[in-house]
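Results of the structural survey
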Amino acid sequence: MPLGEATRAWFAISLQTFGGPAGQIAVMQHKLVDEKRWIGQRRFLHALNYCTLLPGPEAQQLAIYTGWLLNGTRGGLIAGGLFVLPGALALLVLSAVYVRFGSTGVVSALFAGVAPAVIAIVLQAVQRIGKRALDHAALVAIAVGAFAALTLFSVPFPVVVLAAGLIGWALGRAFPGFASRASHGDTDDGPPPLISDDALHHELPSKRRSFGILLVGVLLWFAPVAVFATFVSSTDVFVDQGLFFSGAAVVTFGGAYAVLAYVAQQAVYVYGWLAPGEMIRGLALAETTPGPLIMVVQFVAFVGAYRSPGSFDPWVAAVLASLLVTWVTFVPCFLFVLLGAPYVERLRHNRSITAALTGVTAAVVGVIANLAVFFALHTLFDDNREVGAGPLNVDLPVLSSWDPVAFAITGVALAVMFGRGWSPLRTLGLCAALGLGAFAVGLG
């Protein structure tokens, strides 16, 4: 495949990647399998099955993998880079607009409208993932246990993910049929590809190749953090964000919603980069831009560095932090795919890995439900209180502080998404208009 033609195709795809991973994968399916016929249906799903085993945004990793199949390492780098570039630029601009104008009445009204929509969007994610993933009583128990561990006992997110993986692995060992479930359903072969499977790029796995990719990948991953640690002493925000989001990048099994509860907890309560309601606003902004939803971490970095710039100008600090966090979030995606692609067949048929990831996927349902509770508490009520007794540690709303406008807009968002099947982007637009309307009549 000529690299220039492939690059133009990936750029076109990058401008259409709205609607979360399902929509993004559908765009690639239509463009690469159905329209261009550069890759066959089975080979496309083969790549997708591998990417679901990895931490990080599976749609972007699928772009890297298919780019690698078409044009080798250069193709993978171009496909993965273009997949995130439009969204990164758009969210950088939106983050600046939020910092500059977020306290004005009109912009505050917009966010007052979109925050309830985010609750509905997250609940829809719970419903969709739960419907697909919780097809066994043990998986339902894992999901409920994950929700309780996070919501009632404040168990750290990585511990929940690790425990779910171990439980899934143990269930797979005890019941061999436990892991025998198709990840993406049955499908036909689709239109015959113009490029045969034998003509696609391939490399034999070798220790030398793996070591080289691992060495270069890790150096690129952590080099910017090391530079800030060495030359910037006036603020810790760059190193803190670089290390934290590097760690988050390797535990993002189950998509962005799963890790956002962990990011929100740490960004708000541990590091103080955001106020509680601001995480919801950042997620709303990320929902309106193309590319992976995990791009919301760029908003977290921008706002956090703007408020703790050290000796830097706040705007310079915010932009540098955004670029740093985007780098450490997505460089691991390239590393995981390029390192593991030659071994994909071996990993794909490993029942132990499949069983462990089945357990993680079940826990993700509980993790996302916890995220919905977090957003609801800080959107529908103005005040919350913490209740603790022994290991129990839970946030409860102050019922007298309920926000009737937020409740009403949340009801509308739930009705149009679950009752009418509206897309997240359309729902956000409606709720933003309702927020402005409430402000115009003096209710906001």
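Since this is a predicted model, take the numbers as computed values, not measurements.

Section: the overall build of the chain
Counting secondary structure elements, the chain contains 17 helices and two strands. A compact globule built from 444 residues would reach a C-alpha radius of gyration of about 22 Å, and the chain, at 22 Å, matches this within 12%. Seen along its three principal axes, the alpha-carbon backbone of the chain occupies a region of about 65 × 50 × 45 Å. When the 444 residues of the chain are sorted by exposure, 50% land in the buried category. The contacts of the chain with a sequence gap of at least 6 include a subset with a gap of at least 24, amounting to 74%. Counting only carbon and sulfur atoms, one obtains 65% of the accessible surface of the chain, whose full area is about 19400 Å².

Some remarks on unusual backbone geometry
The residue Arg 37 is not glycine, and still its phi comes out positive at about 60 degrees. Its location among the elements puts Arg 37 in the loop between α2 (20-35) and α3 (41-51). Given the relative accessible area of 28%, Arg 37 is considered partly exposed. One non-glycine residue, Ser 154, lies in the positive phi region at around 55 degrees. By secondary structure assignment, the location of Ser 154 is in the loop between α6 (137-153) and α7 (157-174). Ser 154 sits in the partly exposed class, given a relative accessible area of 30%.

Describing the pairing of strand β2 (residues 392-397)
Where strand β1 (residues 384-389) and β2 come together, six bridges link them in antiparallel fashion. Along β2, the bridge assignment pairs Gly 388 with Asn 393. Once β1 ends, the chain turns through two residues before running back antiparallel as β2, passing Gly 390 with a positive phi of about 65 degrees.

Let's talk about the confidence of the model for the chain
Looking at the chain as a whole, the pLDDT averages 85, with 90% of positions reaching at least 70. The low-confidence segment residues 182-188 (pLDDT under 50) makes eight contacts with residues lying over four places distant or belonging to another chain.

Let's talk about the packing of aromatic side chains
Scanning all chains against the criterion turns up 17 aromatic pairs. Centre to centre, the rings of Tyr 269 and Phe 374 are 6.3 Å apart; their planes meet at 90 degrees, and the pair counts as edge-to-face. Of this pair, Tyr 269 sits in helix α10 (residues 256-270) while Phe 374 sits in helix α15 (residues 351-380), placing them 105 residues apart in sequence. Judged by centre distance (5.6 Å) and plane angle (70 degrees), the ring pair of Trp 402 and Phe 407 falls under edge-to-face. On the accessibility criterion, Trp 402 (47% relative accessible area) is partly exposed. Judged by its relative accessible area of 34%, Phe 407 is partly exposed. Taken together, Phe 244, Phe 245, Tyr 262, Tyr 271 and Trp 273 form an aromatic cluster joined through their ring pairs. Positioned above the aromatic ring of Trp 422, the side-chain terminus of Arg 426 is 3.8 Å from the ring centre.

Points about empty space enclosed by the protein
Scanning the model with the defined rule gives two cavities of 30 Å³ or more in all. For the largest cavity, the calculated volume is near 90 Å³. In terms of lining, the largest cavity is formed by 16 residues, of which the most central are Ala 248, Ala 249, Thr 252, Ile 294 and Thr 329. Within the residue set of the lining of the largest cavity, elements represented by two or more residues are α9 (237-249), α10 and α13 (314-340). Ranked by residues supplied to the lining of the largest cavity, first place goes to α13 with four residues. Among the residues making up the lining of the largest cavity, the classes are represented as twelve nonpolar, four polar and no charged.

Description of the layout of surface pockets
Of the voids in this model, the second largest pocket is the one considered here, and its volume is about 990 Å³. Of the residues belonging to the lining of the second largest pocket, the class tally is 23 nonpolar, 13 polar and seven charged.

A look at the pattern of salt bridges
A side chain with one charge can pair with a side chain of the opposite charge if their charged atoms come near. What the rule picks out here adds up to two salt bridges. Close ionic contact of Lys 31 with Glu 35 constitutes a salt bridge, the shortest N to O distance being 3.5 Å. On the criterion of helical spacing, the pair formed by Lys 31 and Glu 35 is a turn pair, its members being four residues apart in helix α2. The closest approach of N and O atoms between Arg 307 and Glu 278, which form a salt bridge, is 2.5 Å. Of this pair, Arg 307 sits in helix α12 (residues 296-307) while Glu 278 sits in helix α11 (residues 276-287), and the two are 29 residues apart along the sequence. Classification of Arg 307 as partly exposed rests on a relative accessible area of 46%. Its relative accessible area of 6% is what places Glu 278 among the buried residues.

Thresholds applied
- Residues numbered from 1 in each chain as written.
- Predicted model: local features only at pLDDT ≥ 70, side-chain atom pairs only at ≥ 80, totals over all residues.
- Heavy atoms only, no water.
- Helix = DSSP H or I, 4+ residues; strand = E, 2+ residues; numbered from the N terminus.
- Rg over C-alpha atoms; globule rule 2.2 N^0.38 Å.
- Buried < 20%, exposed > 50% of the residue type's maximum accessible area, 1.4 Å probe, protein only.
- Contact = heavy atoms within 4.5 Å.
- Areas by Shrake-Rupley, 256 points an atom, 1.4 Å probe, with all protein chains shown as cover.
- Pairing = 2+ DSSP bridges.
- pLDDT = per-residue confidence, 0-100.
- Phe/Tyr/Trp six-rings, centres within 6.5 Å; stacked < 30°, edge-to-face > 60°.
- Lys NZ or Arg CZ within 6 Å of the ring centre and 35° of its normal.
- 1 Å grid on protein atoms, 1.4 Å probe; cavity = no way out; pocket = protein on both sides within 12 Å on 5 of 7 lines; lining within 4 Å.
- Points joined across faces, edges and corners; volume = space filled by probe spheres on them.
- Nonpolar A, V, L, I, M, F, W, Y, C, P; charged D, E, K, R; others polar.
- Salt bridge = Lys/Arg side-chain N within 4 Å of Asp/Glu carboxyl O.

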